[in-house]
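# Reading the structure
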Amino acid sequence: MSYQSMEEAQIRCEKEGIEFWKAIQLEDADERNVTEEDSWKEMKHMWKAMQEGLDVYDPELMSRSRMVGKEGGMMDAYRKKGDTLCGDFMAKVISNALKMGCNNACMKRIVAAPTAGACGVMPAVLVTYYREYDIPEEKMIEALYVAAGVGQIIANRAYLAGASGGCQAEVGSGSGMAAAAICHVKGGSAAQIGHACAMALKNLMGLVCDPVGGLVEVPCVKRNVGGAFNAIAAADMSLAGIESQIPVDQVIDAMKEVGDKMDVSLRETGIGGVAGSPKAAEVMAGL
Amino acid sequence: MGSIFDILGPVMVGPSSSHTAGAARIGMIARQLYGRQPKKATVYLHGSFAATGKGHGTDRALIAGLLGMKPDDMRIPESFEIAKEEGMDFTIEAKDIREAHPNTAQIIMEADGVNTMMIQAHSIGGGRIRVCKLDGIDVSFSGESNTLIIRNEDAPGRIKEVAAALSDAQINIATMQVFRDKRGGIAVMVVETDQIVPGEVMDNLQSKDGIIRVKFLLAN
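Predicted, not measured: the structure shown is a model, and the values here were computed from it.

The next point concerns the sheet that holds strand 5 (residues 114-125) of chain B. Residue and element names in this part refer to chain B. With mixed pairing, six strands are arranged side by side in an open sheet as 3-2-4-5-6-7. The open sheet terminates on both sides in strands that have one partner only, identified here as strand 3 (89-94) and strand 7 (137-141). Put simply, the sheet's adjacent strands are angled 20° from each other on average, direction ignored. Relative to strand 3, strand 2 (residues 40-47) runs parallel, the two being bridged by six bridges. Across the sheet, residue Y44 finds its bridge partner in strand 3, namely E93. Lying over the sheet, helix 2 (residues 48-56) contacts strand 2, strand 3, strand 4 (103-111) and strand 5, oriented at roughly 110° with respect to strand 2. Along the sheet, helix 3 (residues 58-66) contacts strand 2, strand 3 and strand 4; its crossing angle with strand 2, the most-contacted strand, is approximately 140°.

This is the structure we're talking about:
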């Protein structure tokens with residue numbers, strides 16, 4: 001049985017003197033009746049697929065609706081001029097989040113993390129950091145365990161589908177997972193991983209799912225940027241010793257409550273939010 | 001509950017895990033339950049599947065699944081054309097299904113010389129699904145574990161016989177659910193097993209009195 005709460009996983013870490021990622025891996029090996037080595041190999045495959053997914057980006061491609069596709073390339077060109085507001089590393093995070101979002105809209109092969117709509121958040125944070133600072137690959141695979149474990153607990157207590165809980169369940173969860181993962185890469189403890197996740201989730205709580213025309217394009221592609229930025233900020237806050245005043249499990253439960261109260265027009269039906277704007281109607285009429 | 005690789009993953013063709021990958025999986029499991037490629041498929045989409053399915057390629061993914069494609073198959077965008085080449089007729093319509101999950105599809109499959117089969121399933125996010133109706137009987141399973149599906153007459157002793165046959169073959173039951181349409185009517189057992197159920201055990205089950213049909217889905 002997978003962990004039902006972050007607390008349960010954290011208690012195991014303390015009791016057995018293991019790191020958070022290890023607690024997730026042991027549970028996976030046990031649950032699926034595979035060896036730790038086989039579990040690791042599978043996670044390594046996800047890590048490779050995530051990098052390949054990013055590298056196939058083509059700035060010339062446009063989605064079928066022609067609403068998105070070239071943004072990753074535009075951000076890259078801007079960054080290379082060396083005069084961004086947020087600095088070179090964060091500008092790379094932005095362009096990588098955009099690239100993955102565009103790849104997904106163009107029906108390329110991606111890694112859902114936790115969903116396809118949110119597939120840009122994790123690689124934007126993790127692959128960018130890995131390449132920038134030359135981190136050992138093993139550390140990144142450990143980080144994927146952290147992210148997957150966090151995501152599974154969110155799935156157990158709340159949900160991961162925009163149609164069920166709005167975008168907070170997709171980009172919100174992806175951001176919480178990425179915050180936890182990068183916190184581990186930077187040496188955060190199991191408790192700090194929990195705080196990073198909690199702060200990331202809280203910052204995006206209430207986020208609605210309002211895709212124009214129901215397509216995973218607008219505002220989804222750019223929202224991946226928001227999720228990635230937020231993850232890095234939450235992890236940095238946690239590494240600074242700042243704690244979430246509300247325990248992470250209670251934040252997840254609150255997210256579920258908010259999702260349950262969310263009007264159906266704001267849950268991936270393409271009716272409310274920016275999907276209901278006059279401009280969206282105009283765009284749809286032109287398709 | 002699925003594994004961590006349902007959370008990180010699947011590796012899939014975009015743009016939506018619930019509306020594209022999940023839809024492909026529903027089609028794929030429907031095909032496996034039917035045991036063959038249907039000659040004709042009637043697909044109904046409900047809720048968000050109906051409202052936004054076209055833009056997400058839900059329609060193409062469902063048909064791709066019925067053609068046996070997995071969610072990472074790069075041919076998903078061309079599934080309508082492939083269905084035509086392979087002679088599988090299909091229709092897709094919106095339909096309001098009472099009290100159904102927002103991402104629900106209903107599929108009626110027909111082929112020459114075999115009974116028609118109806119399944120209803122919904123996509124719960126991250127590419128994971130649940131089958132919730134089989135030929136009008138409420139069921140609940142994901143296809144993520146080895147799953148034995150037995151249709152039988154609702155009468156005393158059937159469950160005991162199935163449990164005994166599995167136990168004799170050293171097959172451990174992970175979960176077991178029983179459903180029926182009415183007292184003394186048709187019942188369905190959904191048995192998730194830790195081991196693969198071999199052909200001879202399937203034949204043994206199929207030969208028992210009151211057992212109408214036995215089907216085994218390999219974990220996927």
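Summed over the entire model, instances satisfying the criterion amount to eight aromatic pairs over all chains. Between F80(B) and F90(B) the ring centres are 5.0 Å apart and the planes differ by 45°, which places this aromatic pair in the tilted class. With a gap of 10 residues between them, F80(B) in helix 4 (residues 79-85) and F90(B) in strand 3 connect regions that are remote in the sequence. Here the aromatic residues W21(A), W40(A) and Y145(A) are joined through ring pairs into a cluster of three or more. Seen from the ring of Y34(B), R36(B) lies directly overhead, with NZ or CZ sitting 5.6 Å from the centre. Its guanidinium or amino end placed over the ring of F80(B), R60(B) lies 4.3 Å from that ring's centre, counting from NZ or CZ.

Here we take up the domain arrangement of chain B. It is common to give the size of an interface as the accessible area that goes away when the parts come together. All names here are of chain B. With domains assigned, chain B is organised as domain 1 (4-135) and domain 2 (146-217). Counting from both sides, the interface comprises eight residues of domain 1 and, opposite them, five residues of domain 2. Both faces combined, the contact of domain 1 with domain 2 buries some 590 Å², and carbon together with sulfur accounts for 58% of it. When the area that domain 1 buries against domain 2 is broken down by residue, the three leading residues are Q32, L33 and L134, summing to 56%. Across the contact surface, domain 1 and domain 2 share one salt bridge. Between R151 and D135 there is a salt bridge, with the nearest N and O atoms lying 3.2 Å from each other. At the level of secondary structure, the elements contributing two or more residues to the side of domain 1 that touches domain 2 comprise helix 1 (17-34) and strand 5. Among the residues making up the side of domain 1 that touches domain 2, the classes are represented as four nonpolar, three polar and one charged.

What follows deals with the packing of helix 5 (residues 88-105) of chain A against helix 11 (residues 220-239) of chain A. When two helices pack together, you describe them by how their axes are tilted relative to each other and by the distance separating the axes. Residues and elements named next belong to chain A. As a packed pair, helix 5 and helix 11 sit with axes 8 Å apart at the nearest point and diverge in direction by 140°. For the element pair helix 5 / helix 11, the angle class is oblique. The chirality of how helix 5 crosses helix 11 is right-handed. Across from F89, M90, V93, I94, A97, L98, G101 and C102 in helix 5, the residues of helix 11 making contact are V221, K222, N224, V225, A228, F229 and I232. Here the residues of the contact of helix 5 with helix 11 sort into 12 nonpolar, two polar and one charged.

The next thing to look at is the pattern of salt bridges. Residues and elements named next belong to chain A. Enumeration according to the criterion identifies 26 salt bridges over all chains in this entry. A salt bridge links R12 to E27; the shortest N-O distance between them is 3.3 Å. Taken together, the residues R12 in helix 1 (residues 6-16) and E27 in helix 2 (residues 20-32) connect sequence positions 15 residues apart. Residue E27 is classed as buried on the basis of its relative accessible area of 11%.

On to the confidence of the model for chain B, then. Here chain B averages 93 in pLDDT, while 100% of its residues score no lower than 70. Under the prediction, the complex receives an ipTM of 0.92, its pTM being 0.82.

All names here are of chain A. Here helix 9 (residues 171-185) is 15 residues long and its end C-alpha atoms lie 21 Å apart, about the 21 Å a rise of 1.5 Å per residue gives. In terms of burial, helix 9 is largely enclosed, as 15 of its 15 residues are buried. Phi turns positive, to about 90°, at G187, one or two residues after helix 9.

A few words now on the sheet that holds strand 9 (residues 173-180) of chain B. All names here are of chain B. In space, the four strands of this open sheet follow the order 9-10-8-11, with antiparallel pairing throughout. The sheet is open, and its two edges are formed by strand 9 and strand 11 (211-217), each paired on a single side. Here the average twist between neighbouring strands, direction ignored, is 15°. As judged from the eight bridges shared by strand 8 (residues 146-153) and strand 10 (residues 186-193), these two strands associate in the antiparallel manner. Note on strand 10: the bridge partner recorded for I149 is V190.

You can see T20(B) is positioned in helix 1. For the pair T20(B) and I76(B), spaced 56 residues apart in sequence, the C-alpha to C-alpha distance is 9.0 Å. Ignoring anything within four residues of it in the chain, the contact list for T20(B) reads M107(A), V13(B), G14(B), P15(B), H56(B), G57(B) and A61(B).

Bringing the nonpolar core into the picture now. In globular proteins that are soluble, nonpolar side chains generally tend to be buried together. Core analysis: the biggest nonpolar cluster contains 101 residues, and F20(A), M43(A), W47(A), M122(A), L126(A), L144(A) and L8(B) have the highest contact counts within it. If sequence neighbours within four positions are ignored, L126(A) has contacts with W47(A), M140(A), A143(A), L144(A), A181(A) and I182(A).

Another point: the interface of chain A and chain B. Between chain A and chain B, the residue contacts involve 45 residues of the former and 35 residues of the latter. Interface area lost by chain A to chain B is led by M107(A), R109(A) and E268(A), which between them contribute 21%. Put simply, chain A and chain B have zero salt bridges between them. Scanning the region where chain A abuts chain B turns up 10 residue pairs in polar contact (both at pLDDT 80 or more). When residues of the side of chain A that touches chain B are traced back to their parent elements, those giving at least two are helix 2, helix 3 (36-55), helix 5, strand 1 (109-111), helix 7 (137-157) and helix 8 (162-165) of chain A. At eight residues, helix 7 of chain A tops the list of elements feeding residues into the side of chain A that touches chain B. Broken down by class, the residue content of the side of chain A that touches chain B amounts to 24 nonpolar, 14 polar and seven charged.

About the cut-offs
Residues numbered from 1 in each chain as written. Chains lettered and ligands numbered in written order. Predicted model: local features only at pLDDT ≥ 70, side-chain atom pairs only at ≥ 80, totals over all residues. Heavy atoms only, no water. Pairing = 2+ DSSP bridges. Helix = DSSP H or I, 4+ residues; strand = E, 2+ residues; numbered from the N terminus. Axes fitted to C-alpha atoms, helices over the stretch in contact; angles between N-to-C directions. Contact = heavy atoms within 4.5 Å. Phe/Tyr/Trp six-rings, centres within 6.5 Å; stacked < 30°, edge-to-face > 60°. Lys NZ or Arg CZ within 6 Å of the ring centre and 35° of its normal. Domains from an automatic or database assignment. Buried area = accessible area lost by both parts, 1.4 Å probe. Salt bridge = Lys/Arg side-chain N within 4 Å of Asp/Glu carboxyl O. Nonpolar A, V, L, I, M, F, W, Y, C, P; charged D, E, K, R; others polar. Parallel < 35°, antiparallel > 145°, perpendicular 65-115°, else oblique. Left-handed = near helix turned anticlockwise from the far one by under 90°. Buried < 20%, exposed > 50% of the residue type's maximum accessible area, 1.4 Å probe, protein only. pLDDT = per-residue confidence, 0-100. Expected span 1.5 Å × (residues − 1). Core = buried A, V, L, I, M, F, W, Y, C linked by side-chain atoms within 4.5 Å. Polar contact = N/O pair within 3.5 Å; in protein donor to acceptor, adjacent residues only side chain to side chain.

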